[in-house]
Amino acid sequence: MCRPDIGYLRRFGDQIHAEVTTMLNIVRRKTAEEIILKRFGPEARRMFSLLIHKKKLEAKHAAELSMLNQRKAREMLFKLHDSGYATVQEVPRTSDFKQSKCIYIWSVNLPEAYKRIAQHIDRSCINLYRRLKTMEEEPKEKKDSDLRRKQKEFIEVSILRLQINLMLFRDLK
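The structure presented is a predicted model; accordingly, all values stated were derived computationally and were not measured. (Residues numbered from 1 in each chain as written. Predicted model: local features only at pLDDT ≥ 70, side-chain atom pairs only at ≥ 80, totals over all residues. Heavy atoms only, no water.)

1. Regarding the layout of surface pockets
Inclusion rule: Two kinds of site are reported from a 1 Å grid over the protein atoms alone, namely cavities, where a 1.4 Å probe fits but cannot get out, and pockets, open sets with protein on both sides within 12 Å along at least five of seven lines, and residues are called lining when an atom falls within 4 Å of a point. Grid points are joined across faces, edges and corners, and a volume is the space filled by probe spheres set on the points. Strands here mean DSSP runs of E at least two residues long; helices mean DSSP runs of H or I at least four residues long; both are numbered from the N terminus. In the scheme used here, Gly and all other residues not listed as nonpolar or charged are polar, with Ala, Val, Leu, Ile, Met, Phe, Trp, Tyr, Cys and Pro taken as nonpolar and Asp, Glu, Lys and Arg as charged.
Quantified by volume, the largest pocket comes out at close to 390 Å³. In this structure, the largest pocket is lined by 14 residues; those nearest its centre are Ile35, Lys38, Ile121, Leu162 and Asn165. Elements supplying a minimum of two residues to the lining of the largest pocket: α1 (20-40), α5 (110-136) and α7 (146-169). In terms of residue count, the dominant contributor to the lining of the largest pocket is α1 (5 residues). Here the residues of the lining of the largest pocket sort into 5 nonpolar, 5 polar and 4 charged.

2. Let's talk about the environment of Leu65
Put simply, the test is: Two residues form a contact once any of their heavy atoms are found within 4.5 Å.
Structurally, the position occupied by Leu65 is in helix α3 (residues 59-66). Between the C-alpha atom of Leu65 and that of Lys54, which follows or precedes it by 11 residues, the distance is 10.0 Å. Among all residues touching Leu65, those that are not within four sequence positions of it are Leu50, Lys54 and Leu57.

Written as structure tokens, this is what we have:
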């Protein structure tokens, strides 16, 4: 029952213990990958997963491993960087620090990426709350329509889903 390749289950004699922090980290990572997939597409998700797995990569090597051409890989890396999900480190080849003679190493700082995701979720929740408030302030004849009721329910459900994801990315120590 307890496979040794599963990182969150441990056997102690005849008991099996689940490591909750390891399971939480796995769920966080998978959820972050899904968020990146929805925001930027499958290439960015592949690049994000690759950077997590390999820790640090040069853009050329990342392009080869992700099976993307160098231009597309660079685009994905800069999209991830602009959104705060990836970081870049400039490493000089020579002592004169010229930009043309530098290697750029890309990586993902997961705690920072999780903070950024939590910020995006917060912003989305605030926007949905504002939309809900403006819907409630509309004239009574618009409020009573069936379409408005369904829109309001959809927004409320979206807020609940976002709050569930927010709890996942918040550090609850």
